[in-house]
Amino acid sequence: MKKLILGFLICFCCSSGLVAQETLTAISAPTSPASALLGVEPQSVLSPKSYRALETALYSNFLNNRGDGLVPNDFALEFTPYWAKDHNLTIEEYLYPEDIWEGQIVRNSSFSLATTQNFILGDSTATNGLSFGYRTTLYFGNQQDRERVNQFKKQISRSQDVQSSIGAQTFGLVETAQSKSDFISDIRPVIKKNILEVYPVSEDEAEEQTDIILAGADTLIFDADDRGSFAENFMNVVDERLRDQESELNAQEVFDQFENYIKNRQGFSVDIAFGLFLNFPGNSFSSVVAPHQSIWVTPSYRFKDELSRLKVTGVFRYEGYNTSYYKEYFPNSKVFENNIDYGIAVSGEFDRFSLKLEAVGRSSNSLVPAGVDTDGNELFRRDSRSDFQE
């Protein structure tokens, strides 16, 4: 069944063999809708973590020394209000919120802002440009996803349990040891026992991992008058050696794998974004015009089990243009009032090959004046264009 699904997707996306008019990456929901709509690439994007930091960023960039308003050049900012304060969420509350509105839409909502002083009009005049953006993500997990998350949680907990158990017994054994060799002799069976109890490894493997951990203690100095420092230094060695192990004992490695999985979770998700572009042809706030706006909807699905590396992404983007603005300031350009881009992509990284297939379409239309009728009413005709390429 899985091979049939993969074969169907490949056939679907390879049916034409034409060159795409625009890559799917370009029309999918951007990380910063404001920057994407403005068409600038600022050197850095400010990401204030609190409302006070947001206020400081806006005042310091949009006001000059005299307190007058200005549009900064190549400025970009993105702010996520929900995370401006600590909500003390558990992993379950974070990954599987019960309330879609607050748990997903509000929590994942981010607002972006981008500005430039070099938006070039058709006559090469440099003008001020400002854009606003909004984005959120909805995620709908499945049972397989929950099982995978629980597996990672157990692995992280087990790795932490090994370190905690060793640490708890270390301080007690240090207090009774007469020398470093006595302590090493006492702690060796403790380390090995914890490894064997927590992980499915053989006696020889547990012994080897214990040797590796204890080898780091060779350079430590045992001072009977300062046993606490020795115990702390020894636990630092244990933590470091555990992190260096290329095994399940490595709590940091498991955590990194967990973090990577969260970024590429199985199941269905939808990115929704909106952007509005404002131009100031006279380079003053009184001459503001809204030439362009966009709405992005990007659903995606990542498969499970053997096809977990395969992802299917759909794209819908609506772009609305102020045709009167473009006729005045870009008289030589052809701009449609309403533009709809849509597409689908299949991507994946497998052991012996990588897969990336795209298909993109566009439909554009405008109402164009076509004269007046006998009663003097203005008539319009629809000017349209569409194509679909793969």
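Please read these numbers as outputs of a predicted model, since none were measured by experiment. Along each chain, the written sequence defines residue order, and numbers are assigned to residues from 1. With the structure being a predicted model, the display of local features is reserved for residues of pLDDT at least 70 and the display and counting of side-chain atom pairs for 80 or more, all residues being used for whole-chain, interface and lining totals. The basis for the side-chain values is all heavy atoms of the structure; hydrogens and waters are excluded.

## A look at the overall build of the protein
Step number 1: Along the backbone of the protein there are twelve helices and nine strands.
Step number 2: Of all intrachain contacts in the protein linking residues separated by at least 6 positions in sequence, the fraction that spans at least 24 positions is 66%.
Step number 3: Only the protein chains shown count as cover for residues, with accessible areas throughout obtained via the Shrake-Rupley method and a probe of 1.4 Å. Carbon and sulfur atoms make up 51% of the accessible area of the protein, which amounts to about 22,100 Å² in all. Numbering of helices and strands starts at the N terminus; helices are DSSP runs of H or I of at least 4 residues and strands are runs of E of at least 2. Throughout, a contact is declared for two residues whenever any of their heavy atoms are within 4.5 Å.

## Some details on the pairing of strand S2 (residues 110-120)
Step number 1: Whether two strands pair depends on DSSP finding at least two bridges between them. Of the strand pairs in this sheet, strand S1 (residues 75-79) and S2 are connected by five bridges, and their pairing is antiparallel. Counted as the bridge partner of Leu 77 is Leu 113 from S2.
Step number 2: From the end of S2 to the start of strand S3 (residues 126-140), which pair antiparallel, there are five residues, and Ser 124 there has a positive phi angle of about 75°.

## Topic: helix H6 (residues 100-108)
Step number 1: Buried, partly exposed and exposed residues are distinguished by accessible area as a fraction of the type maximum, computed with a 1.4 Å probe on protein chains only: under 20%, between the cut-offs, and over 50%, respectively. Residues Gly 103, Gln 104 and Arg 107 constitute the buried set of H6. All buried residues of H6 fall inside an arc of 95° around its axis, so they share one side.
Step number 2: Looking at the buried positions of H6, the neighbouring elements they touch are helix H5 (91-95) and S3.
Step number 3: The backbone nitrogen of Trp 101 has a side-chain oxygen 3.1 Å away, supplied by the residue at the start of H6, namely Asp 99. Working note: the arc is built from the helix axis to C-beta atom directions. Within 3.5 Å is the distance limit for a polar contact, defined as a pair of N or O atoms, with the added protein rule that one can donate a hydrogen and the other accept it, and that residues adjacent in sequence qualify only through two side-chain atoms.

## Overview of the confidence of the model for the protein
Step number 1: Across the chain, each position has a pLDDT score giving the predictor's confidence in that residue, from 0 to 100. The share of residues in the protein with pLDDT of 70 or more is 80%, and the mean pLDDT across the chain is 80.
Step number 2: When the elements of the protein are averaged for pLDDT, helix H1 (residues 2-13) gives the smallest value, 46, and S1 the largest, 93.
Step number 3: Ignoring residues within four places in sequence, the model shows residues 8-21, a span with pLDDT below 50, making 29 contacts including any to other chains.
Step number 4: Ignoring residues within four places in sequence, the model shows residues 246-250, a span with pLDDT below 50, making 18 contacts including any to other chains.

## Topic: the pattern of salt bridges
Step number 1: When a carboxyl oxygen of Asp or Glu is within 4 Å of a side-chain nitrogen of Lys or Arg, the pair counts as a salt bridge. For the structure shown, the criterion picks out nine salt bridges.
Step number 2: Note that Asp 271 is salt-bridged to Arg 135, the shortest N-O span being 2.8 Å. Residue Asp 271 is located in strand S4 (residues 267-280), and its partner Arg 135 is located in strand S3; the two are separated by 136 residues in the primary sequence. Comparing Asp 271 with Arg 135 shows no difference in burial state: the two are buried.
Step number 3: Here Lys 192 ties to Glu 207 by a salt bridge, and the two come within 3.0 Å at their closest N and O atoms. Linking Lys 192 in helix H8 (residues 180-198) with Glu 207 in helix H9 (residues 203-215), this pair joins segments that are 15 residues apart in sequence.
Step number 4: In this structure Lys 192 comes out as buried when scored by relative accessible area, which is 19%.
Step number 5: Glu 207 gets classed as partly exposed once you look at its relative accessible area, which sits at 27%.

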